[in-house]
Amino acid sequence: MPMLDTTKTSRTNPHIWHRIQWLNVFGIFAVILASSLIANENLRGDTSKQILNVSYDPTRELYATLNTQFVEQYQHQTGVSLQIKQSHGGSSRQALSVVDGSQKADVVTLALPTDVDALRKRGLIAAEWRARLPNNSVPYTSTIVFVVHKGNPKNIHDWPDLIKGNVAIVTPDPRTSGNGKLSVLAAWGSVTTRGGGDDEALAYLRELFKHVAVLNAGARGAATSFAIEKTGDVHLTWENEAIREVSANKDEFEIVYPPVSIRAEPAVAWVDANVKDKATADFAKAYLEYLFTDAAQETIGKFGYRPVSPAILAKSADTLPNINLFPISAIAKDWDDAREKFFADNGIIDQVAPAKTK
């Protein structure tokens with residue numbers, strides 16, 4: 001095949017050669033521009049296939065694992081490559097950030113049903129949100145336990161031991177943290193579910209908060225104060241957080257299970273106001289439905305949360321002992337009544353706990 005003699009062409013028609021040169025320049029520019037746009041799009045990610053899970057403080061490790069498992073399964077089943085972002089902080093603060101729009105959550109996985117219900121009250125999720133998923137939209141339960149220094153030098157075994165002598169307590173602020181709220185409810189119930197009256201429970205809470213050395217905004221901050229900054233003699237915390245904390249510091253700390261504590265019910269929901277696009281709504285629903293599958297329940301148990309599947313919970317008996325956990329109905333009509341009674345303006349917490357969040 002004969003080769004094009006560009007020298008001859010340029011001599012016979014210089015305008016053609018000039019035009020070819022400019023076409024080459026424009027072609028190179030177009031390639032560079034297209035490459036830049038592709039690189040920029042890759043950096044931003046395809047947000048049409050992305051959902052945001054706004055969660056409470058100590059669930060970081062749990063959801064990092066669950067997200068990976070779900071994304072792999074979902075891609076295998078549907079061919080869709082989904083990305084899940086996660087955000088963590090004190091549960092009440094997280095709920096507020098979704099209400100005020102500073103976080104556009106597609107799903108929320110919060111410490112208390114009342115934190116999720118705060119979104120319903122603002123019209124962000126459906127009135128029947130609890131009935132949309134199994135077990136009233138509670139994929140696992142938990143409780144509040146004590147972490148103490150190795151050897152338990154303060155001899156702390158039960159709730160009354162927390163207010164003896166000079167015991168210094170670390171717990172999150174009940175105004176911002178689900179952990180903090182549950183510590184209060186568990187402490188109150190430790191009195192009233194064992195024969196004490198409301199006056200005795202109120203007096204106990206007043207004394208308890210006199211022993212609190214620091215009120216952190218969230219559960220992980222409280223863990224840092226206790227385990228890293230070496231503040232306090234005892235840490236009132238989620239069971240899963242206690243397991244993580246002791247596992248990371250086996251020579252320094254140990255878990256104490258009090259004879260009685262509260263059954264915590266972290267709840268989940270998709271945020272209807274933020275998932276109006278059908279594809280995003282489908283992603284969000286599938287994600288939360290996955291939490292109730294056996295595969296997810298197994299992972300939940302491994303991270304120190306109590307699976308709602310009885311069979312899978314039984315497999316975790318060595319790390320999640322069977323203890324007396326009272327329901328919220330033992331100390332209030334329901335979770336909403338407990339919120340009003342304890343944590344609303346001028347509620348019990350305002351009477352006993354000074355505002356001193358760290």
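Above this text you will find the structure in question.
Note that the coordinates shown come from a computational prediction; the quantities given were computed from them, not determined experimentally.

A. Highlighting the sheet that holds strand β2 (residues 83-89). Strand order in this open sheet of four strands is β2-β1-β3-β11, and the pairing throughout is mixed. Two strands close off the open sheet at either side, each with one partner strand: β2 and β11 (267-270). Adjacent strand axes in the sheet meet at a mean angle of 15 degrees when their direction is disregarded. As paired elements, strand β3 (residues 107-110) and β11 share four bridges and run antiparallel to each other. Across the sheet, the residue bridging to Val107 is Trp270, located in β11. This element, helix α3 (residues 60-78), spans β1 (50-56), β2, β3 and β11 of the sheet and lies at about 170 degrees to β2.

B. Spatial organisation of the side chain of Asn53. When you line up the elements, Asn53 lands in strand β1. A polar atom in the side chain of Asn53 sits 2.9 Å from the side chain of Thr109. The contact partners of Asn53, leaving out residues within four places of it in the chain, are Tyr63, Lys85, Gln86, Ser87, Val107, Val108, Thr109 and Tyr287.

C. Seen up close, the environment of Thr280. Assignment of secondary structure puts Thr280 in helix α11 (residues 278-290). Counting along the chain gives 231 residues from Thr280 to Lys49, while the straight-line C-alpha distance between them is 7.2 Å.

D. Geometry of the pairing of β1. Counting buried residues in β1 gives six out of seven residues, a clear majority hidden from the surface. Note on the crossover from β1 through α3 to β2: the handedness is right-handed. Pairing of β1 with β3, which is carried by three bridges, proceeds in the parallel orientation. Note that in β3 the partner of Asn53 across the bridge is Val107.

E. Seen up close, the sheet that holds strand β8 (residues 234-238). Reading across the sheet, the five strands line up as β7-β6-β8-β5-β9 and stay open at both edges, with mixed pairing between neighbours. Each edge of the open sheet is held by one strand with a lone partner, namely β7 (212-216) and β9 (253-256). The sheet shows a mean angle of 30 degrees between the axes of neighbouring strands, taken without regard to direction. In this structure, strand β6 (residues 169-172) lies alongside β7, joined through four bridges in parallel fashion. Paired with Val170 across the strands is Val214, a residue of β7. Against the sheet, helix α9 (residues 219-228) engages β5 (144-149), β6, β7, β8 and β9, with an angle of about 160 degrees to β6.

F. Representation of α11 in the model. With 13 residues, α11 should reach 18 Å at 1.5 Å per residue; the first-to-last C-alpha distance of 18 Å fits that figure. Residues Thr280, Ala281, Phe283, Ala284, Ala286, Tyr287, Leu288 and Tyr290 constitute the buried set of α11. Close packing links the buried residues of α11 with β1, α3, β2, β3, β11 and α12 (294-302). One side-chain oxygen of the residue at the start of α11 lies 3.2 Å from the amide nitrogen of Ala279, identifying that residue as Asp277.

G. Up close: the layout of surface pockets. Roughly 540 Å³ of internal volume is contained in the largest pocket. Those elements that provide at least two residues to the lining of the largest pocket are α4 (91-99), α5 (113-121), α14 (335-343) and α15 (348-352). Each residue belonging to the lining of the largest pocket can be placed in one class, and the counts come to eight nonpolar, three polar and 11 charged. Within this model, the second largest pocket holds a volume of roughly 190 Å³. Every residue along the wall of the second largest pocket is listed here: Asn135, Thr141, Arg263, Arg306, Pro307, Val308, Leu313, Ala317, Leu320, Asn322, Ile323 and Leu325.

H. Focus on helix α10 (residues 239-248). Taken residue by residue, α10 has Glu239, Asn240, Glu241, Ala242, Glu245 and Val246 as its buried positions. Contacts made by the buried residues of α10 are with β5, α9, β8, β9 and β12 (306-307).

I. Region of the structure containing the packing of helix α7 (residues 178-192) against helix α8 (residues 198-210). The N-to-C vectors of α7 and α8 enclose an angle of 135 degrees; their axes lie 9 Å apart at closest approach. Put simply, α7 runs oblique to α8. Note that α7 runs across α8; the crossing there is right-handed. Contacts between α7 and α8 involve Val184, Ala187, Trp188, Ser190, Val191 and Thr192 from the first element and Asp198, Glu200, Ala201, Leu202, Tyr204, Leu205, Leu208 and Phe209 from the second. Partitioning the contact of α7 with α8 into residue classes produces 10 nonpolar, two polar and two charged.

J. Layout of the pattern of salt bridges. Scanning the entire structure with this criterion turns up 19 salt bridges. For Lys315, the salt bridge goes to Glu298, with nearest N and O atoms at 2.8 Å. Here the residue Lys315 occupies a position in helix α13 (residues 310-315), and Glu298 occupies one in helix α12, the gap between them amounting to 17 residues. What emerges from the salt-bridge pattern is a single network uniting Glu61, Arg220, Glu241 and Arg244.

Thresholds applied
- Residues numbered from 1 in each chain as written.
- Predicted model: local features only at pLDDT ≥ 70, side-chain atom pairs only at ≥ 80, totals over all residues.
- Heavy atoms only, no water.
- Pairing = 2+ DSSP bridges.
- Helix = DSSP H or I, 4+ residues; strand = E, 2+ residues; numbered from the N terminus.
- Axes fitted to C-alpha atoms, helices over the stretch in contact; angles between N-to-C directions.
- Contact = heavy atoms within 4.5 Å.
- Polar contact = N/O pair within 3.5 Å; in protein donor to acceptor, adjacent residues only side chain to side chain.
- Buried < 20%, exposed > 50% of the residue type's maximum accessible area, 1.4 Å probe, protein only.
- Right-handed = clockwise from strand over helix to strand, strands pointing away.
- Expected span 1.5 Å × (residues − 1).
- 1 Å grid on protein atoms, 1.4 Å probe; cavity = no way out; pocket = protein on both sides within 12 Å on 5 of 7 lines; lining within 4 Å.
- Points joined across faces, edges and corners; volume = space filled by probe spheres on them.
- Nonpolar A, V, L, I, M, F, W, Y, C, P; charged D, E, K, R; others polar.
- Parallel < 35°, antiparallel > 145°, perpendicular 65-115°, else oblique.
- Left-handed = near helix turned anticlockwise from the far one by under 90°.
- Salt bridge = Lys/Arg side-chain N within 4 Å of Asp/Glu carboxyl O.

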